[in-house]
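# Tertiary structure, described
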Amino acid sequence: MPELPEVETTKRGVEPYLKNQTISFITTRNKNLRIPFNSGLKNKIIKSKIKNISRRAKYITLDFANGYSVVIHLGMTGNLRVSKQTNFLKHDHIIFGLSSKNHLIFNDVRRFGLIQIYKTNEGFYLLNNNGPDPFEKKATKDYLYKKIKNSSASIKSILLNHTIISGIGNIYASEILFKTKISPLKEGKDITENQCNEILKASRLILKKAIKSGGTTLNDYFNAEAKPGYFKIQLNVYDRGGQRCKSCKSKIIRIVQSNRSTFFCNKCQKT
Ligand SMILES: [Zn+2]
């Protein structure tokens, strides 16, 4: 599943081909994504220029000069590519024709992704309730501390709660807590301000590392034949249940929290 680093790398990969381009047409081959593509609004963005491309959490947004935007989520299996070719592939669901004669193509085997057109100033409703991702200015230690200081939820489930902080997937949540030496079982109200700071710092560090590794393995979004793969970051705890901790050699433990697997070292993560 594409996580924040894959989404950021996708955004960086397609951005140079989209900036200042005008949409000449939109072809919908299958609109039945997680939320059906609202192709009824497509005339709102045809002949309009793409002014800005950005990412928040796992959403990529294209802002148009005329006050409309398009939001793209890759879901479980979605990917974007840019191509001049018109021989489209199976699962190429939505195609944006650009003034450069290139196409921006959304391919998604399982169709859990989404593309929606909306008015920029109204925002996209699924993003409007999201907390900041760790790279946003709003994601400060004061913000996080205030949000969780009365919470009896575990810090692991807090990190997956996108209304508090968005863009941290299950793998990264375990890795971030290992890095900060915080037990995933610790409740929000027992996390100190300083630990909030450590969590945010570790989140940025780990996600940045993955973005960097993706930037080196995946650089071609133009005429890419193969679908982008997912990044292999070096995992310290995730999916290492029963194996030795890389730091203290104890056995890594797997537990289930809110129906999701958590991996941690109960010797290193005591604080
Ligand atoms: Zn350990």
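Residues numbered from 1 in each chain as written. Predicted model: local features only at pLDDT ≥ 70, side-chain atom pairs only at ≥ 80, totals over all residues.

For the protein chain, the count of helices and strands is six helices and ten strands. Taken over the C-alpha trace, the protein chain has a radius of gyration of 20 Å; the compact-globule value for 271 residues is 18 Å, and the two agree within 12%. For the protein chain, the spread of C-alpha atoms along the principal axes amounts to about 60 × 35 × 30 Å. Taking all 271 residues of the protein chain together, 39% fall into the buried category. Intrachain contacts of the protein chain at a sequence separation of at least 6 include 67% that bridge at least 24 residues. (Helix = DSSP H or I, 4+ residues; strand = E, 2+ residues; numbered from the N terminus. Rg over C-alpha atoms; globule rule 2.2 N^0.38 Å. Buried ≥ 20, exposed ≤ 12 C-beta atoms within 10 Å, placed from the backbone. Contact = placed C-beta atoms within 7 Å.)

Let us now look at the nonpolar core. Of all hydrophobic cores here, the largest spans 61 residues; its most connected members are Ile115, Leu159 and Ile176. No other element matches helix 6 (residues 193–217), which puts seven residues into this core. When residues of this core are assigned to domains, at least three map to each of domain 1 (4–128) and domain 2 (141–264). In this structure, Ile176 is in contact with Leu159, Ile168, Ile199, Ala202, Ser203 and Ile206, ignoring residues within four places of it in sequence. (Core = buried A, V, L, I, M, F, W, Y, C linked by C-beta atoms within 7 Å. Domains from an automatic or database assignment.)

Below, the discussion takes up the sheet that holds strand 7 (residues 103–108). Read from one edge of the open sheet, four strands run 1-6-7-5, paired in antiparallel fashion. Looking at strand neighbours, the two that pair on one side only are strand 1 (23–28) and strand 5 (78–83), the edges of this open sheet. Neighbour-to-neighbour, the strand axes of this sheet turn through a mean angle of 15 degrees, independent of strand direction. In the sheet, strand 1 pairs with strand 6 (residues 92–98) via five bridges, with the strands oriented antiparallel. Pairing of Thr28 across the sheet is with Ile94, part of strand 6. (Pairing = 2+ DSSP bridges. Axes fitted to C-alpha atoms, helices over the stretch in contact; angles between N-to-C directions.)

A separate point is the pairing of strand 9 (residues 253–257). The pairing of strand 9 with strand 10 (residues 260–264) spans five bridges and is antiparallel. Of the residues in strand 10, the one forming a bridge with Gln257 is Arg260. Between the antiparallel neighbours strand 9 and strand 10 lie two residues, among them Ser258 with a positive phi of about 50 degrees.

Another point: helix 5 (residues 170–180). Burial within helix 5 is extensive, with eight of its eleven residues counted as buried. Along helix 5, the positions that sit buried rather than exposed are Tyr172, Ala173, Ser174, Glu175, Ile176, Leu177, Phe178 and Thr180. A positive backbone phi angle near 65 degrees is found at Lys181, which sits one or two residues after helix 5.

Below, the discussion takes up the domain arrangement of the protein chain. Once the domains are mapped, the protein chain shows domain 1 (4–128) and domain 2 (141–264). Measuring from the centre of the C-alpha atoms in domain 1 to the corresponding centre in domain 2 gives 28 Å.

Spatial ordering of the open sheet is given by 2-3-4-8, a layout of four strands whose pairing is antiparallel. For this open sheet the edge positions go to strand 2 (50–56) and strand 8 (114–119), each flanked by a neighbour on one side alone. Between one strand axis and the next, the sheet turns by 20 degrees as a mean value, whatever way the strands run. Bridging between strand 3 (residues 59–64) and strand 4 (residues 68–73) involves five bridges; their strand directions are antiparallel. Its bridge partner lying in strand 4, Tyr59 is registered against His73.

Our next topic: the pairing of strand 5. Of all six residues that make up strand 5, six are buried, and the element is covered over most of its length. The alternating pattern of strand 5 places Gly78, Leu80 and Val82 on one face and Asn79, Arg81 and Ser83 on the opposite face, and all of these are buried.

In this section: the environment of Lys251. Note on placement: Lys251 falls in the loop between helix 6 and strand 9. On the basis of neighbour counts, which here come to 14 C-beta atoms within 10 Å, the residue Lys251 falls in the partly exposed class. A C-alpha to C-alpha distance of 9.0 Å links Lys251 and Lys267, two positions 16 residues apart in sequence. What Lys251 contacts, discounting residues up to four positions off in sequence, is Gly242 and Arg244.

Our next topic: the environment of Asn52. Take Asn52: it is sitting in strand 2. Under the C-beta neighbour-count criterion, Asn52 is labelled partly exposed, with 15 such atoms within 10 Å. Counting along the chain gives 32 residues from Asn52 to Lys84, while the straight-line C-alpha distance between them is 22 Å.

With that out of the way, let us pick up unusual backbone geometry. One non-glycine residue with positive phi stands out, namely Arg111, at about 60 degrees. Within the secondary structure, Arg111 is located in the loop between strand 7 and strand 8. Not every positive phi belongs to a glycine, and Lys249 is a case in point at roughly 70 degrees. Relative to the helices and strands, Lys249 resides in the loop between helix 6 and strand 9. The exposure class of Lys249 is exposed, given the 9 C-beta atoms found within 10 Å.

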